[in-house]
Amino acid sequence: PSSEAALLITVSDPEKHGTSITAAFVDYKLSTVTQLSRYAAKEFFVRRRYRDFVWLRDRLCHAFPGCVVPPLPTVDSPLKDDRFSPNFIERRQAGLQLFLRRVAGHERLRESSDLQTFLEAKVWELQTVKNATGSSWLGALFDGTQESLKSVQSLMAHKVPDEEAIERVRAFAANYATIASASASKQHAAVRTQADMASDLRQLAPALDMLSQSETELSLPLTHMAAALDRVKELHLARVQAEHVCGLSALLAFNTGMATALNEVLANRDAALLQYQKAAAALDASTKERQRWQEAEHSGAPSPRSGVLGKLDELMYDPQKGSKVEVRVKEADAELSAAKERWEAISTSIHTEVDRFHRQTNADFSRGLREHVLEQLEFEQAQQREWEQLLDIVERVETVPGTAASFRPSSS
């Protein structure tokens, strides 16, 4: 089956639980329809909260260090509103839906056993799995924080230069993340201006309504203008919300997160290479230790010493030392093989992931920019209809005797 048909996940029905500020939370209904045989049923649902999504993404990052794992919606809203408000919940729900849709559409990520647990397990079962989740090889070197990223970069400062293709990817990812973040910030500022406009209109409309009560002759047009401004205010507020749910602002925020995730994959590759180098050094040390022991065995045992030194030699003698050295060599060799395999797997997948990144980004912006233009046109047309209806009211107002026929200055 196609990637979309194989695993369809819908996020819906948010519910708030609790009343206290610190303990209250919102969870969502996750409905799954799948053709994948490993799932117990073809259709089922569970309820999950935001921290469950955080756990899932963390598990995917550790299990698939060579994959660009989609970002989650940010913890703090750029609009700084109440996290339990309907608007905030709607924005978060849209972000969680996009995250799961991208995970389900990725041929490797959707095979994750952690994803299956996330989608199928009862709440207590999921908590049990979360409690039992241990750290991975990557967690010891890189935990996804900025500090650990700096640590890995510092350790890798003297590594052998990457091949040219990887260096190009590294330069692109760093530059793109900066540009995407700046674009998202500028778009948010533009949308913030629109929100401020709505706030101003919220104050202007009642003021005009009060003015209509003192100007009898202008009562009708002022009352209609106040009502029109109130509706225009609602148009602005709806546009601001739509921007952060599925508009250009949401697209730029998600794209910024994807750029960060691409840089995480490159950091994972650096961490894997560092682990490979450490494993190689450990094997070299174990091999040299075995060589020294073998040379000592071949040269024959020295004449036994007497007295205290002799007793000390007896205490320090280990008849199992040879077998222990061999075990350490075998363990170091196995770790080197595993570290080499991890590093090569990440290095190989990076090119596939970068290609996917470009294709998805192009598709996202191709669709998103078109939808943004159409939504802006619809928004402007809705405003224009309000003003045209108001103009029809204003033009029917009779001029009060003894006053100018128009507010416009005469052309003479």
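Attention in this report is confined to the structure presented alongside it. (Residues numbered from 1 in each chain as written. Predicted model: local features only at pLDDT ≥ 70, side-chain atom pairs only at ≥ 80, totals over all residues. Heavy atoms only, no water.)

1. Quick notes on the packing of helix α8 (residues 219-245) against helix α11 (residues 321-394)
Moving on, step 1. Packing of α8 against α11 brings their axes to within 9 Å, and their N-to-C directions diverge by 175°. One way to sum up the angle between α8 and α11 is to call them roughly antiparallel. The residues of α11 that touch α8, namely those facing Leu220, Pro221, His224, Met225, Ala228, Leu229, Arg231, Val232, Leu235, His236, Arg239 and Glu243, are His372, Glu375, Gln376, Phe379, Ala382, Gln383, Glu386, Trp387, Leu390, Ile393 and Val394.
Moving on, step 2. Grouping the constituent residues of the contact of α8 with α11 by class yields 13 nonpolar, five polar and five charged. (Axes fitted to C-alpha atoms, helices over the stretch in contact; angles between N-to-C directions. Helix = DSSP H or I, 4+ residues; strand = E, 2+ residues; numbered from the N terminus. Parallel < 35°, antiparallel > 145°, perpendicular 65-115°, else oblique. Contact = heavy atoms within 4.5 Å. Nonpolar A, V, L, I, M, F, W, Y, C, P; charged D, E, K, R; others polar.)

2. Regarding the pairing of strand β3 (residues 43-49)
Moving on, step 1. Residues Phe44, Val46 and Arg48 point to one face of β3 and are all buried, whereas Glu43, Phe45, Arg47 and Arg49, pointing to the other face, are not buried.
Moving on, step 2. Sheet topology note: the strand β2 (residues 25-34)/β3 ladder contains seven bridges and is antiparallel. Bridge pairing links Val33 to Glu43 in β3. (Buried < 20%, exposed > 50% of the residue type's maximum accessible area, 1.4 Å probe, protein only. Pairing = 2+ DSSP bridges.)

3. Section: empty space enclosed by the protein
Moving on, step 1. Counted by the stated rule, this structure contains one cavity of 30 Å³ or more.
Moving on, step 2. Estimated volume of the largest cavity: approximately 50 Å³.
Moving on, step 3. As for the largest cavity, its lining consists of Val68, Pro70, Arg102, His106, Met258, Arg356 and Gln360.
Moving on, step 4. Within the lining of the largest cavity, the residues separate by chemical class into three nonpolar, two polar and two charged. (1 Å grid on protein atoms, 1.4 Å probe; cavity = no way out; pocket = protein on both sides within 12 Å on 5 of 7 lines; lining within 4 Å. Points joined across faces, edges and corners; volume = space filled by probe spheres on them.)

4. Examining unusual backbone geometry
Moving on, step 1. We note that Asp13 has phi near 45°; this positive angle belongs to a residue other than glycine.
Moving on, step 2. Along the chain, Asp13 falls in strand β1 (residues 7-17).

5. Side note on the sheet that holds β3
Moving on, step 1. With antiparallel pairing, three strands are arranged side by side in an open sheet as β1-β2-β3. Looking at the sheet topology across the chains shown, the edges are occupied by β1 and β3. Neighbour-to-neighbour, the strand axes of this sheet turn through a mean angle of 20°, independent of strand direction.
Moving on, step 2. The strands that helix α2 (residues 50-63) touches are β2 and β3; relative to β3, the one it contacts most, it runs at about 105°.
Moving on, step 3. Its contacts with the sheet put helix α3 (residues 86-104) on β1 and β2, and the angle it makes with β1 is roughly 155°.

6. Description of the nonpolar core
Moving on, step 1. Counting residues in hydrophobic clusters, the biggest one holds 35 residues, and the most contacted among them are Leu30, Phe99, Leu100, Phe118 and Leu119.
Moving on, step 2. When residues of this core are traced back to their parent elements, those giving at least two are β1, β2, β3, α2, α3 and α4 (113-120).
Moving on, step 3. What Phe118 contacts, discounting residues up to four positions off in sequence, is Leu30, Val46, Arg48, Asp52, Phe53, Trp55, Leu56, Leu100 and Leu126.
Moving on, step 4. Core analysis: the second largest hydrophobic core is formed by 24 residues, Leu98, Val169, Leu251 and Ile346 among them. (Core = buried A, V, L, I, M, F, W, Y, C linked by side-chain atoms within 4.5 Å.)

7. Section: the packing of α8 against helix α9 (residues 248-298)
Moving on, step 1. Across the interface, α8 lies against α9 with an axial gap of 4 Å and an inter-helix angle of 25°. The orientation of α8 with respect to α9, classified from their angle, is roughly parallel. As for how α8 packs across α9, the hand of that crossing is right-handed. Taken together, the residues of α9 that come into contact with α8 (itself represented by Glu243, His244 and Val245) are Leu248, Ser249 and Ala250. (Left-handed = near helix turned anticlockwise from the far one by under 90°.)

8. Concerning the environment of Ala41
Moving on, step 1. Positionally, Ala41 belongs in the loop between β2 and β3.
Moving on, step 2. Of the residues examined, Ala41 reaches a relative accessible area of 34% and is grouped as partly exposed.
Moving on, step 3. On a C-alpha basis, the gap between Ala41 and Glu120 in space is 9.2 Å, while along the polypeptide they are 79 residues apart.
Moving on, step 4. Sequence-distant contacts of Ala41, defined by excluding residues within four places in its chain, comprise Thr34 and Glu120.

9. Some points on the pattern of salt bridges
Moving on, step 1. Under the defined criterion, the tally for this structure stands at 23 salt bridges.
Moving on, step 2. Of the charged contacts, one joins Arg38 and Glu111 as a salt bridge, the two residues approaching to 3.0 Å between their closest N and O atoms. Taken together, the residues Arg38 in the loop between β2 and β3 and Glu111 in the loop between α3 and α4 connect sequence positions 73 residues apart.
Moving on, step 3. Of the residues examined, Arg38 reaches a relative accessible area of 29% and is grouped as partly exposed.
Moving on, step 4. For Asp364, the salt bridge is made with Arg367, and the minimal N-O distance between the two is 3.5 Å. On the criterion of helical spacing, the pair formed by Asp364 and Arg367 is a turn pair, its members being three residues apart in helix α11.
Moving on, step 5. Shared partners join several salt bridges into a network, and the residues in it are Arg102, Asp364 and Arg367. (Salt bridge = Lys/Arg side-chain N within 4 Å of Asp/Glu carboxyl O.)

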